[in-house]
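# Topology and contacts: notes
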Amino acid sequence: MPAVSKGDGMRGLAVFISDIRNCKSKEAEIKRINKELANIRSKFKGDKALDGYSKKKYVCKLLFIFLLGHDIDFGHMEAVNLLSSNKYTEKQIGYLFISVLVNSNSDLIRLINNGIKNDLASRNPTFMNLALHCIANVGSREMAEAFASEIPRILVAGDTMDSVKQSAALCLLRLNRTSPDLVPMGEWTARVVHLLNDQHLGVVTAATSLITTLAQKSPDDFKTSISLAVARLSRIVTSASIDLQDYTYYFVAAPWLSVKLLRLLQCYPPPEDAALRSRLTECLETILNKAQEPPKSKKVQHSNAKNAVLFEAISLIIHHDSEPTLLVRACNQLGQFLQHRETNLRYLALESMCTLASSEFSHETVKTHIETVINALKTERDVSVRQRAVDLLYAMCDRSNAKQIVAEMLSYLETADYSIREEIVLKVAILAEKYAVDYTWYVDTILNLIRIAGDYVSEEVWYRVIQIVINRDDVQGYAAKTVFEALQAPACHENLVKVGGYILGEFGNLIAGDSRSSPLVQFNLLHSKFHLCSVPTRALLLSAYIKFINLFPEVKTTIQDVLRSDSQLRNADVELQQRAVEYLRLSCIASTDILATVLEEMPPFPERESSILAKLKRKKGPGNLPDIDDTRRNVNGNTEHSDNTEATKKGSTHPFTDLLNLNSTPSTGGSLLVDVFSDNTSPASTEVSEENFPRFVCKNNGVIYENQLLQIGLKSEYRQNLGRMYVFYGNKTSTQFLSFTSSVTSPDTLKTQLNVHAKTVDPIIEGGAQVQQILNIECVSDFTDAPVLNIQFRYGGTLQNIAVKLPVMLNKFFQPTEMTSQDFFQRWKQLGAPQQEVQKIFKAKHPMDTEVTKAKILGFGVALLDGVDPNPSNFVGAGVIHTKNTQVGCLLRLEPNTQAQMYRLTLRTSRDSVSQRLCDLLSEQF
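Bear in mind the structure is a predicted one, so any value in this text is a computation, not a measurement. (Residues numbered from 1 in each chain as written. Predicted model: local features only at pLDDT ≥ 70, side-chain atom pairs only at ≥ 80, totals over all residues. Heavy atoms only, no water.)

## Quick look at the overall build of the protein
Looking only at helices and strands, the protein features 39 helices and 19 strands. Taken across its 926 residues, the protein has 53% of its residues classed as buried. In the protein, of all internal contacts separated by at least 6 residues, the share reaching a separation of at least 24 is 69%. Here the protein has roughly 42,200 Å² of accessible surface; of this, 48% comes from carbon and sulfur atoms. (Helix = DSSP H or I, 4+ residues; strand = E, 2+ residues; numbered from the N terminus. Buried < 20%, exposed > 50% of the residue type's maximum accessible area, 1.4 Å probe, protein only. Contact = heavy atoms within 4.5 Å. Areas by Shrake-Rupley, 256 points an atom, 1.4 Å probe, with all protein chains shown as cover.)

Next up, the structure:
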């Protein structure tokens, strides 16, 4: 680059910068800048033509003002004019201004491209470099279209100077990253490989970066680079530092080029040619040998450069995974770094050993460092290093050391950082399941896991332990005994209550012979936790109670009293209320045989890939998790397979998210508990699915849509005119859903009546996994239509489109209102206008059960008023619908005629449209 002469200094610019720095306040700075901008604008618009120096000075001032954070809306044309100057300093400022301030959509792009073309054709290396730097800095599609074919010619031309070749290679690399479709692959690709033999190491370094990127896209076109890269690498690692004096960094020969060459070789498998493979092995051995040599300098730059080459060499050894000697040596070298005083080295060593642990040749060597890794887990100050230690323990685990590693992870879990507890819980659960020879140990481990870190035990973990207990007869009695003992602790985590409720409900009879765990003792123990639990857990416990009635008839009366209590039958949560009503009715009317059939023991779950592993993969991200489920061959010759390999191949139609039926409401009447594993396999369609829409009129939770690929579950809550809906998308396949999007659309009339805001959802859903989306809903005014949920994703290369009608109805915004008989009839008379009343007489579609009818009216959202109607067989309700604009009072009366199997439904509200809509919704439920 030409030296800047003393005459090129811009005194006016220096004075302006000094003035800005001397400003005492922001206001003074802005005043000085505005004054300067006015002066520059007047100079640019003046009649007197400015010379190159003045243009350069004023453009420089504009650039400085922009860098201070102020907008610049003029001066672009003057900067473009500087490109035609023959003076380096003027041309340099023009290119600098364009690189910083001109965007790709500017009208000046054509003029700029013409200036760049002139400089590229000038064969002046200085001007060519400036032009190439500008193309790379802007990197727009327009520039790629204009110069993508020109730059490769400059790069491979025989008369191009070395500095220009460097710039051309890096410029082409930039364009390939921004617009890969515009960079043509032609005859130049074969010639650019030979730049690896160039005498100028700067050219080789730039060319290696370019070739590595291109080889990742088209590996076959650049196969010839392997031999050239090995030859160049060999010359570097065997040379003395004085041989490459200009490129030696703190006694390390060309470290950046070495790293780039090693990365290029990682784009390909090991060389097939024996001589080339041997030469590469020698290079890697030399790098490992140099790592053992005493340092030639105590400065950190020396060790950083040396270790950068070493770690890249180890990455190549791991990538090839074909030389046992090199793999073991690499492992031992990394083992030395595990106790190094430099934190970064310990981190990198742990990270690399995680990958080595998956190799058949080095797995046993990695295991020899288990004590060091465990010590790092206990003593490291840096949480990121401790996290890598957990990853390495997970990767090196096999049947021989599983119990030790799981015990150490559980011990560390008690004091682990909150940010990594969930990940440790998942890993402990996976290892305990995968390497469990004795499943009593597995049960003990998972219960201990819940005790230590219950808040971080996800649903997938406790679902999985229940699946395994149900599928293995030999562990059911032990599991029942263990959870019974664990529940006796004064403070139990809710997840332990869930596991205990489910297992005792299924297998409590296996320990009922002991007086210390008699049926009544089991029931009292579970019920003592009932009032401390959340609604889903209470729902599960109610299911356990009805199971107890089948297992232990002697506690039937006690349980019926609990189900009959006001706290259950009048529960504010429709889920609990419905379960209590239906379970109570079932226990009263069903014979012993029917009860035994309906409530028989759960069948074994279909074997398939663990959903816990899928969750861990989602958490760590693709490529960041040692895949312990892949077959790993150890040095003894035996193989360890995942227990679920066959199941994974077969796939499963049942998503793990609905295995325990916690998110769905028990169906009414004789179909109670039969639909736990239903498989509605309706094909994906662009038509709006409304099949399950009516089922949600009187409930808020359940499965709204399901086909062979996808299950969509809902969980909703409403308060006054606001609502929140949680939508759960479950991938029922073992294949990823890609480009997953979901949006909510509404008819034009509904847009002004109902606001629905959908939060974004993860674009990738792993096989067997589930993601959640939150919809926030606001009722502005009364409405009749419903919004539509549109889902789109790619499965196996095919675009899937699904549209589902969302169950957002007007009655969801009810607030129940308690009223006396006098108040009710007084209000009834006030709403006596003909347009305020809607009445409908209809035939009963379902059995006319009093308890079920009560539950449906409560689920509809109104308060059920007892003793108001003179006829005790009639049902009377009252509530207020809240919208943003107004409140609408509602009174309803349902008169059943059991002999004729008919109903008469009467609704009175202050708005006729509301009366009609509510009547239509509710009448379809009976």
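Text resumes after the structure shown.
## So, the side chain of Lys 91
Positionally, Lys 91 belongs in helix H5 (residues 88-101). We classify Lys 91 as buried; its relative accessible area is 2%.

## Some words on the nonpolar core
Soluble globular proteins tend to bury their nonpolar side chains together. In this structure, Ile 116, Val 192 and Leu 449 are the most contacted members of the largest nonpolar core, which totals 190 residues. Top contributing element to this core by residue count: helix H24 (residues 439-453), with 10 residues. Once residues lying within four places of it in the same chain are set aside, the contact partners of Ile 116 are Tyr 95, Ala 131, Cys 134, Ile 135, Met 143 and Phe 147. Counting residues in each nonpolar core, the second largest holds 61 residues, with Leu 754, Phe 842, Leu 864 and Phe 926 among its members. (Core = buried A, V, L, I, M, F, W, Y, C linked by side-chain atoms within 4.5 Å.)

## Let's talk about a nonpolar patch on the surface
Taken together, the side chains of Leu 67, Leu 96 and Val 100 present a nonpolar region at the surface, about 270 Å² in accessible area. Relative to the helices and strands, Leu 96 is located in helix H5. (Patch = residues over 30% accessible without salt bridge, like charges linked within 9 Å, V, L, I, M, F, W, Y side chains within 5 Å. Salt bridge = Lys/Arg side-chain N within 4 Å of Asp/Glu carboxyl O.)

## A look at a negative patch on the surface
A cluster of like negative charges, contributed by Asp 438, Asp 444, Asp 473, Asp 474, Glu 600 and Glu 601, occupies part of the molecular surface. Looking at where Asp 444 falls in the secondary structure, it is placed in helix H24. Accessibility expressed as a relative area gives 31% for Asp 444, which makes it partly exposed. (Lys, Arg positive; Asp, Glu negative; His and termini not counted. Charge placed at Lys NZ, Arg CZ, Asp CG, Glu CD.)

## Here we look at the packing of aromatic side chains
Enumeration according to the criterion identifies 23 aromatic pairs in this entry. When the centroid spacing of 5.1 Å and the interplanar angle of 65° are considered together, the rings of Tyr 729 and Phe 740 count as edge-to-face. Taken together, the residues span a long stretch of sequence, with Tyr 729 in strand S8 (residues 722-731) and Phe 740 in strand S9 (residues 738-745) at a distance of 11 residues. Look at Tyr 729 and you get buried, because its relative accessible area is 0%. What links up through ring pairs into an aromatic cluster is the set Tyr 729, Phe 737, Phe 740, Phe 793 and Tyr 795. It is Lys 91 that lies over the ring of Phe 127; its NZ or CZ is 4.5 Å from the centre. (Phe/Tyr/Trp six-rings, centres within 6.5 Å; stacked < 30°, edge-to-face > 60°. Lys NZ or Arg CZ within 6 Å of the ring centre and 35° of its normal.)

## Observations regarding the sheet that holds strand S5 (residues 688-689)
Here 4 strands make up an open sheet; going across it, the order is S5-S13-S12-S9 and the pairing mixed. Looking at which strands have only one partner, the edges of the open sheet turn out to be S5 and S9. Note: S5 against strand S13 (residues 798-805), 2 bridges, orientation parallel. If you follow Ser 689 over to S13, its bridge partner there is Val 804. (Pairing = 2+ DSSP bridges.)

## Structural notes on the sheet that holds strand S11 (residues 770-779)
Here we have 5 strands laid out as an open sheet, ordered S6-S7-S8-S11-S10, and antiparallel in their pairing. If you trace the sheet from one side to the other, it starts and ends with strand S6 (701-706) and strand S10 (754-758), each paired once. Across the sheet, the mean angle from the axis of one strand to that of its neighbour is 25°, orientation sign disregarded. Pairing of strand S7 (residues 710-719) with S8 involves 10 bridges; the strand directions are antiparallel. Bridge pairing in S8 places Gln 711 opposite Gly 730. (Axes fitted to C-alpha atoms, helices over the stretch in contact; angles between N-to-C directions.)

## Looking at the pairing of S7
Judged by how many residues are buried, S7 sits mostly within the fold: 7 of 10 residues are covered. In this sheet, S7 lies alongside S6 in antiparallel orientation, the contact comprising 5 bridges. If you follow Gly 702 over to S7, its bridge partner there is Leu 714. Here S6 folds back onto S7, and the loop between the two strands holds 3 residues. Here S7 folds back onto S8, and the loop between the two strands holds 2 residues, one of which, Gln 720, carries a positive phi near 55°.

## Focus: the environment of Ile 470
Residue position: Ile 470 is located in helix H25 (residues 459-471). It is 8.5 Å that separates the C-alpha atoms of Ile 470 and Glu 506, two residues lying 36 residues apart in sequence. Not counting residues within four places of it along the chain, the set of residues in contact with Ile 470 comprises Gln 476, Tyr 502, Phe 507, Met 602, Pro 603, Pro 604 and Phe 605.

## Some details on the pattern of salt bridges
Taken as a whole and judged by the stated rule, the model has 37 salt bridges. When the shortest N-O distance is used, the salt bridge between Lys 367 and Glu 364 registers 3.3 Å. Of this pair, Lys 367 and Glu 364 both sit in helix H19 (residues 363-367), 3 residues apart, roughly one helical turn. With a relative accessible area of 14%, Lys 367 lands in the buried category. Take Glu 364: its relative accessible area is 24%, and that puts it in the partly exposed class. Within the structure, one salt-bridge network assembled from shared partners comprises Asp 19, Arg 32, Glu 36 and Lys 61.

## Examining H5
Its 14 residues give H5 an end-to-end C-alpha distance of 20 Å, which sits within 8% of 20 Å, the value for a rise of 1.5 Å per residue. Burial runs high along H5: 10 of the 14 residues are buried. Restricting attention to buried positions, one finds in H5 the residues Tyr 88, Thr 89, Glu 90, Lys 91, Ile 93, Gly 94, Tyr 95, Phe 97, Ile 98 and Leu 101. Check the buried side of H5 and you find it contacts helix H3 (52-67), helix H4 (76-82), helix H6 (109-121) and helix H7 (125-138). (Expected span 1.5 Å × (residues − 1).)

## With respect to helix H22 (residues 402-413)
The end-to-end C-alpha distance of H22 is 16 Å, a good match for the 16 Å that 12 residues give at a rise of 1.5 Å each. Of all the positions in H22, only Ala 402, Ile 405, Val 406, Glu 408, Met 409, Leu 410, Tyr 412 and Leu 413 are classed as buried. Structurally, H22 contributes buried residues whose contacts are with helix H20 (370-379), helix H21 (383-396), helix H23 (418-434) and H24.

## Quick word on unusual backbone geometry
Look at Ala 254: it is not a glycine, yet its phi comes out positive at around 40°. Here the phi dihedral of Ser 739 falls at roughly 50°; this positive angle occurs in a residue that is not glycine. Residue position: Ser 739 is located in strand S9.

## So, the side chain of Arg 464
Structurally, Arg 464 can be placed in helix H25. Among the polar contacts made by the side chain of Arg 464, one reaches the side chain of Glu 433 at a distance of 2.7 Å. (Polar contact = N/O pair within 3.5 Å; in protein donor to acceptor, adjacent residues only side chain to side chain.)

## Comments concerning the pairing of S11
Pairing between S8 and S11: 9 bridges, direction antiparallel. Opposite Tyr 729, over in S11, you have Val 771 as the bridge partner. Two strands pair when backbone bridges link them, and S10 and S11 are joined in this way by 5 bridges, in the antiparallel orientation. From the neighbouring strand, Val 756 faces S11, where its bridge partner is Ile 777.

## Remarks on the packing of helix H26 (residues 473-487) against helix H27 (residues 494-507)
A pair of packed helices is captured by two measures, namely the crossing angle of their axes and the spacing between those axes. As a packed pair, H26 and H27 sit with axes 9 Å apart at the nearest point and diverge in direction by 135°. If you check the angle between H26 and H27, you find them oblique. At the point where H26 passes H27, the crossing takes the left-handed sense. On H27, the residues that touch Gln 476, Ala 479, Ala 480, Val 483, Phe 484, Ala 486 and Leu 487 of H26 are Leu 496, Val 497, Val 499, Gly 500, Ile 503, Leu 504 and Phe 507. Across the contact of H26 with H27, the residue classes tally to 12 nonpolar, 2 polar and no charged. (Parallel < 35°, antiparallel > 145°, perpendicular 65-115°, else oblique. Left-handed = near helix turned anticlockwise from the far one by under 90°. Nonpolar A, V, L, I, M, F, W, Y, C, P; charged D, E, K, R; others polar.)

Function cannot be read off these values alone, since they describe shape.
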